[in-house]
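Structural features, examined
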Amino acid sequence: MRATVMYGVHDVRVETVRDARLVEPTDAVVAVTRACICGSDLWPYNSMKPNEVGNRMGHEFIGRVEEIGSEVRNVKKGDLVVAPFAWSDGTCEFCVQGLQTSCIHGGFWGGTKLDGGQGEAVRVPLADGTLVRLPVGPDHALMPSLLTLSDVMGTGHHAARAARAGPGKVTAVVGDGAVGLCGVIAARRLGAEQIIMLGRHPDRVALAREFGATDVVSERGEAAAERVRQLTGGLGAHSVLECVGHGESMLTALSIARPGGAVGRVGVPQSDEMPEARTTFYRNVTISGGPAPVRAYIEELMPDVLEGTIQPGRVFDRVTDLNGVPDGYRAMNERESIKVMIKF
Ligand SMILES: [Zn+2]
């Protein structure tokens, strides 16, 4: 089979690799029908140390179950399924709490040992806990939105929940990538009244407005914080969604939260330092968030996708086949594209 392998900075190749196969009786093999490239794939794209083995890529996919191990009960051959960006048993202490990204027996796709979603097929460990069946066919018009349930829509939802977005609250979203845009959808879905998008790319900002953003702040740094204060009567936002992970975006997010407010961070931190430790202390700002347990949110969000109430699939502005994946990385890295979908 063919799959995407990353060897180093800007070095993404599509190659023939060993076929995905069952190893454990709890595994399934899924033939991928749709996948995508994530903003978080761009971190290694710009920083990976060269590696001769290469890292298999992709953690967002939908596909057909081709084979199941002898202990798999919840899915069967032929089912169309969506996979969250982490695999999990569904039964441990943390999974039962709905924190599947901390599953005691779980893990993440790709790397040097496991298949990734950006390939023709994937060995899925712990298939019963991990996979969720889709009630539609593989070419259904809602496929792009259903694909976002594997990561970006669930991650935006996690940011909104961690930031305690809700009715009557002022919400600010830092980051105009696919996760930030889904954060706008999530904040509106949870009832946020005023939604301030901090972003500067015209196409992304336009989509944010369609998703429910009421205000757009295109300044950066302290000027952005000042603009948010102006828009909030000098008070700041109740809820801030940090959807980037850079030190600068975290600094902005923490500085625009009002006293008693909350920051939900889902951008992978690129540093161990947390800015504004003292100022957020004196303002009683809650700092929450982390890797989203999207497995817990798939069932919650899927009805809204199927009813068309939310349309997160609109974040995809480019479609490619597997051969076009290296150029898809380039396009996202150069911000030519918000998010690239891979159709098999
Ligand atoms: Zn678990």
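Let me begin by describing the structure that accompanies this report.

Analysis parameters
Residues numbered from 1 in each chain as written. Predicted model: local features only at pLDDT ≥ 70, side-chain atom pairs only at ≥ 80, totals over all residues. Heavy atoms only, no water. Helix = DSSP H or I, 4+ residues; strand = E, 2+ residues; numbered from the N terminus. Rg over C-alpha atoms; globule rule 2.2 N^0.38 Å. Buried < 20%, exposed > 50% of the residue type's maximum accessible area, 1.4 Å probe, protein only. Contact = heavy atoms within 4.5 Å. Disulfide = S-S within 2.5 Å.

**Here's the deal with the overall build of the protein chain**
Secondary structure assignment for the protein chain yields 12 helices and 18 strands. In terms of overall size, the protein chain behaves like a compact globule, its C-alpha atoms giving a radius of gyration of 20 Å where 344 residues would be expected to give roughly 20 Å. By its C-alpha atoms, the protein chain is 60 × 40 × 35 Å across when sized along the principal axes. Evaluated residue by residue, the protein chain yields a buried proportion of 56% over its 344 residues. A fraction of 69% describes how many contacts in the protein chain between residues 6 or more apart in sequence connect residues 24 or more apart.

**Things to note about the state of the cysteines**
In a disulfide, the sulfur atoms of two cysteines are covalently bonded to one another. Using the criterion set out here, one finds 0 disulfides in the structure. The cysteine Cys36 is free of any disulfide, with Cys38 supplying the nearest cysteine sulfur at 7.2 Å. For Cys36, a relative accessible area of 1% gives the class buried. Free of any disulfide, Cys182 has its nearest neighbouring cysteine sulfur in Cys243, separated by 9.2 Å.

**Quick notes on the environment of Gly212**
Mapped onto the elements of the fold, Gly212 is located in the loop between helix 7 (202–211) and strand 13 (215–217). For Gly212, a relative accessible area of 14% puts it in the buried group. The spacing of Gly212 and Ile195 is 17 residues in sequence and 7.1 Å in space, taken between C-alpha atoms. Each residue touching Gly212, except ones within four places of it in the same chain, is listed here: Val184, Arg188 and Ile195.

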